[in-house]
Amino acid sequence: MTKRKIEADDLYRLTSLTDPQWEKHSRKFAYVQTTISEEDNEYLSTIYVGSLDGKAKPFTFGKGRATTPRWSPDGTKLAFVSTRNEKAQIYVMAVDGGEAEQVTFCKNGARGPVWSPCGTKLIFSTALESEEDLKAGSKTEEKKKKPEPMVVEKLRYKSDAKGFLDKKNDHLAVLDLETKEITLLTHGDRDYGSPVWSPDGKQVAFVVNLEENPDEVLVTDVYVMDLESKEKKKVTHSNGFFSTITWSPDGAFLGFLGHEKEFQSATLTRVWVYQLETEVLHCLTENLDIEVGDVAIGDFHSGNVNPGLMWTEDSDGFYFLLSDQGGTGIYYGSLDGAMYPIHLPGEHVYAVSILTDSHEAIVGISSSTDPGELYYLDFRTQKREQLTHVNKAWKEEVEISAAEPISFKAPDGWDVHGWIMKPAGFEEGKKYPTILEVHGGPHAMYANTYFHEFQTLTSQGFVVLFTNPRGSHGYGQEFVDAVRGDYGGKDYIDVMSAMDYALETFDYIDEKNLGITGGSYGGFMTNWVVAHTDRFKAAVTQRSISNWLSFYGVSDIGYYFSEWEVKGNMEDKVDKLWDHSPIKYVANVNTPLLILHGEKDYRCPIEQAEQLFIALKKQGKTTKFVRFPDSNHELSRSGNPALRIHRLNHIKNWFVEYLEGAK
């Protein structure tokens with residue numbers, strides 16, 4: 001049977017499985033299954049409950065999104081978040097059936113339920129302006145409210161995730177499921193997150209920045225609060241970023257992930273433990289030159305959850321995710337500092353839930369040819385069984401291109417790693433147009449995972465080449481830090497060396513028909529490349545940076561990211577910012593350039609694209625500007641479904657127009 005080519009709108013036919021949660025009593029597991037309704041142009045998320053025999057059935061029903069399934073300690077109930085009544089609220093439902101009970105009615109919604117050890121309470125997060133927001137708001141009042149000007153007094157007044165920030169902050173509250181009474185745990189003009197109960201239920205830990213000037217002192221600290229006295233103690237030292245807290249089963253240790261900003265935003269995330277009795281904080285992976293957590297770049301799954309440290313029942317060790325050499329896997333660590341890999345395949349482990357008493361796991365695994373399914377793993381026997389087959393029918397219908405790993409040396413001897421994908425219907429002896437992809441971040445990692453954009457391009461007859469240049473995670477601290485202060489320097493050499501290596505190694509690449517594209521930092525690099533070489537016949541820049549001077553003041557992170565990454569500022573290093581700005585060299589651009597940008601992107605605001613487009617157009621260059629309404633920096637991953645399809649088709653069509661040989 002002849003398989004058909006993948007198209008952009010195959011997104012509507014794919015299913016994403018995320019956030020598995022395994023329950024040790026029944027050995028059943030809950031997870032979130034997400035599809036996209038083409039008719040309604042919206043995401044539909046349903047919670048399923050499955051068992052190891054491969055059977056699974058929906059636990060929630062109806063429209064909207066149901067997410068964050070969390071088992072009660074006795075395994076009889078699931079708490080979850082649902083948008084069935086417009087705002088996201090928390091519901092609780094018995095696993096053996098019945099009606100879901102809505103247990104929060106917060107004015108601004110509720111999220112992140114965490115069961116108390118006794119199973120009678122939930123900690124949750126909600127956005128509050130006042131304590132009254134714990135109750136439902138009046139729709140009549142909201143409709144009558146007149147517009148008011150926004151008064152800005154802080155450096156941080158907007159966020160790509162939230163838009164313009166108002167007087168609301170993220171706070172933590174405890175709900176008593178028996179009395180329905182809600183107790184607010186946190187107060188003030190700060191955002192609290194990552195809550196976790198102590199095993200005895202007497203304390204909670206969370207992260208927050210309580211520094212006097214949080215605009216200038218950029219940290220997140222771990223605190224422990226006594227629930228009776230409400231007194232809180234700081235565990236970390238106001239010198240880094242920490243998150244994803246878990247408590248050891250014996251109550252003796254807190255485990256969390258983070259770093260102390262030794263290399264600012266390029267610092268490797270590490271494993272930390274805090275011993276409550278001695279009040280001693282240890283970094284257990286300071287000698288492990290690997291990024292802890294999943295930093296793989298993709299455009300399919302959204303809503304992935306980092307479980308942090310998954311403690312063994314004896315509290316002597318823990319499991320955790322890590323990213324290394326373009327793969328993500330599972331490591332085991334112990335309190336004495338021993339660290340070793342448990343599961344390191346050439347795949348992307350994007351989700352995991354472990355029964356740490358029996359050393360078994362439910363994992364979500366993706367590869368370049370598989371969008372993702374759930375698997376059972378036994379760490380002791382290395383037994384592996386596939387539990388779901390939600391994308392099987394689609395995979396049997398389409399021709400999927402595999403990513404083949406490559407490695408090469410940059411001119412200065414540094415090792416660089418990447419992949420190449422042949423076009424669908426590849427024929428020996430033919431030459432094909434080739435597109436070089438550059439990832440965002442830059443502190444992220446292309447990985448052994450499914451990428452719908454790449455499959456859409458290979459189906460059109462393009463070779464796709466992608467690599468992890470200096471600045472990428474997955475290759476150690478020196479490698480990830482090498483880009484800071486050198487944007488457009490050695491990273492540019494790495495990107496171009498990837499193209500050189502591919503041309504020397506693969507005779508099926510048409511050297512006269514090369515394209516380049518990337519988003520965010522990859523958009524910056526695309527702009528930089530076309531301003532410094534004419535070897536590419538077409539380029540597409542997405543949600544890009546073109547001018548570091550204006551980025552400094554308009555991005556939600558600009559005033560510190562520019563200093564950390566480019567090592568320039570608006571006081572005495574203005575020239576540094578300008579020298580690394582692609583728009584400075586716009587007169588050199590001869591490559592036809594398509595500019596794609598979301599209108600509500602506050603990470604790389606759309607004025608970056610507007611400047612670039614006008615500068616190119618004024619000089620008579622070949623360019624086109626596509627604006628995506630109501631879209632932020634996450635358009636390609638979790639944005640409006642119809643606009644995601646438009647984006648993919650604009651990229652494809654631009655390269656079809658300007659590169660010869662595409663189908």
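Caption draft 1: Here's a closer look at the packing of helix α5 (residues 490-505) against helix α6 (residues 521-530). Look at α5 against α6: their axes get within 11 Å of each other, and the N-to-C directions meet at 80 degrees. When the interaxial angle is binned, α5 and α6 end up roughly perpendicular. Between α5, through D491, Y492, V495 and M496, and α6, the contact on the second element is made entirely by Y521, M525, W528 and V529. Across the contact of α5 with α6, the residue classes tally to 7 nonpolar, no polar and 1 charged.

Caption draft 2: Quick look at unusual backbone geometry. A cis geometry characterises the amide bond from G441 onward to P442, with omega recorded as 0 degrees. If you trace the backbone, P442 turns up in the loop between β36 (432-438) and α3 (452-459). Here R27, not a glycine, exhibits a phi torsion of approximately 60 degrees, which is positive. With respect to the helices and strands, R27 occurs in the loop between β2 (16-22) and β3 (29-37). Residue class for R27 comes out partly exposed when judged on its relative accessible area of 31%. In this model, D630 sits at a positive phi of 55 degrees, which is unusual for a non-glycine residue. In this fold, D630 is placed in the loop between β41 (623-628) and α11 (635-638). Exposure remark for D630: the relative accessible area of 63% places this residue in the exposed category.

Caption draft 3: Examining the pattern of salt bridges more closely. Taken as a whole, this structure holds 36 salt bridges when the rule is applied. Notably, a salt bridge pairs R13 with D10, separated by 3.7 Å at the nearest N-O pair. Relative accessible area serves as the criterion here: at 0%, D10 is assigned to the buried category. Across the pair D19 and R70 runs a salt bridge, and its minimum N-O distance is 3.0 Å. Here D19 is found in strand β2, whereas its partner R70 is found in strand β6 (residues 66-71), with 51 residues between them in sequence. Bridged by salt links that share partners, the residues R4, D9, D10, R13 and E397 form one connected network.

Caption draft 4: α5, seen in detail. Over its 16 residues, α5 extends 22 Å from the first C-alpha to the last, a length consistent with the 22 Å expected when each residue adds 1.5 Å. Among the residues of α5, those classed as buried are D491, Y492, D494, V495, M496, S497, A498, M499 and A502. The elements touched by buried residues of α5 are β34 (403-409), β35 (415-421), β36, β37 (463-468), β38 (509-519) and α6.

Rules behind the numbers
- Residues numbered from 1 in each chain as written.
- Predicted model: local features only at pLDDT ≥ 70, side-chain atom pairs only at ≥ 80, totals over all residues.
- Heavy atoms only, no water.
- Axes fitted to C-alpha atoms, helices over the stretch in contact; angles between N-to-C directions.
- Helix = DSSP H or I, 4+ residues; strand = E, 2+ residues; numbered from the N terminus.
- Parallel < 35°, antiparallel > 145°, perpendicular 65-115°, else oblique.
- Contact = heavy atoms within 4.5 Å.
- Nonpolar A, V, L, I, M, F, W, Y, C, P; charged D, E, K, R; others polar.
- Buried < 20%, exposed > 50% of the residue type's maximum accessible area, 1.4 Å probe, protein only.
- Salt bridge = Lys/Arg side-chain N within 4 Å of Asp/Glu carboxyl O.
- Expected span 1.5 Å × (residues − 1).

Interpretation note: all reported values are geometric properties and have no functional meaning in isolation.
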